[in-house]
Amino acid sequence: MLESDNQKQIINRLRRVEGQLRGIQKMIAEEKDCVNIVTQLSAVRSGIDRTMGIIVAENLKQCFEHPEEQLEKMEQAIQMVIKK
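Below you will find a few notes about this structure.

What counts and what doesn't
Residues numbered from 1 in each chain as written. Predicted model: local features only at pLDDT ≥ 70, side-chain atom pairs only at ≥ 80, totals over all residues. Heavy atoms only, no water. Helix = DSSP H or I, 4+ residues; strand = E, 2+ residues; numbered from the N terminus. Rg over C-alpha atoms; globule rule 2.2 N^0.38 Å. Contact = heavy atoms within 4.5 Å. Axes fitted to C-alpha atoms, helices over the stretch in contact; angles between N-to-C directions. Parallel < 35°, antiparallel > 145°, perpendicular 65-115°, else oblique. Left-handed = near helix turned anticlockwise from the far one by under 90°. Buried < 20%, exposed > 50% of the residue type's maximum accessible area, 1.4 Å probe, protein only. Core = buried A, V, L, I, M, F, W, Y, C linked by side-chain atoms within 4.5 Å. Expected span 1.5 Å × (residues − 1).

For the rest of this paragraph, the subject is the overall build of the protein. In terms of helices and strands, the protein carries three helices and zero strands. Counting helices and strands in the order they occur from the N terminus, the protein gives α-α-α. Relative to a compact globule of 84 residues, whose C-alpha radius of gyration would be 12 Å, the protein shows 17 Å and is clearly more extended. In terms of overall dimensions, the protein has C-alpha extents of about 55 × 25 × 15 Å along its principal axes. For the protein, long-range pairs separated by at least 24 residues make up 52% of all intrachain contacts whose partners lie at least 6 apart in sequence.

Right, let's get into the packing of helix α2 (residues 34-65) against helix α3 (residues 70-83). In contact at an axis separation of 8 Å, α2 and α3 are set at 165° when each is read in the N-to-C sense. Between α2 and α3, the angle is such that the two are roughly antiparallel. As for how α2 packs across α3, the hand of that crossing is left-handed. Together, M52, V56, N59, L60, Q62, C63 and F64 of α2 and Q70, K73, M74, Q76, A77, M80 and V81 of α3 make up the contact between the two elements.

Along the polypeptide, R50 turns up in helix α2. Residue R50 is classed as partly exposed on the basis of its relative accessible area, which comes to 46%. Put simply, R50 and K83 are 33 residues apart on the chain and 15 Å apart in space, counted from C-alpha to C-alpha.

Moving on to the nonpolar core. As a rule of thumb, soluble globular proteins bury nonpolar side chains together. V17, I24, M27, I37 and V44 form the largest nonpolar core, which has five residues in total. Per-element accounting of this core gives the leading share, three residues, to helix α1 (residues 4-29). Ignoring any residue separated from it by four or fewer positions in sequence, one finds M27 in contact with K32, N36, I37 and Q40.

What follows covers α1. Counted at 1.5 Å a residue, the expected span for α1 with its 26 residues is 38 Å, and the 38 Å between its end C-alpha atoms agrees. On the buried face of α1, the contacting elements are α2. Phi turns positive one or two residues past the end of α1, at E31, with a value near 55°.

What follows is the structure, encoded as structure tokens:
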């Protein structure tokens, strides 16, 4: 489970990404320059990557707080990163 501060941080990041995606949709509808669209898409990807990093880091932190579950949780975190 995520700590309250991290949960708020993640939700805020996801809302920012959601706004960026809406902006990209509008840019496409308005036939804006491809370079600008790709720049915004790159920013969305970066935001998602950072959010995923926060979640994985929290998962790893919890592994060390609960040694009996450490191996299983570390394997889960590794698999989440590898799937990318």
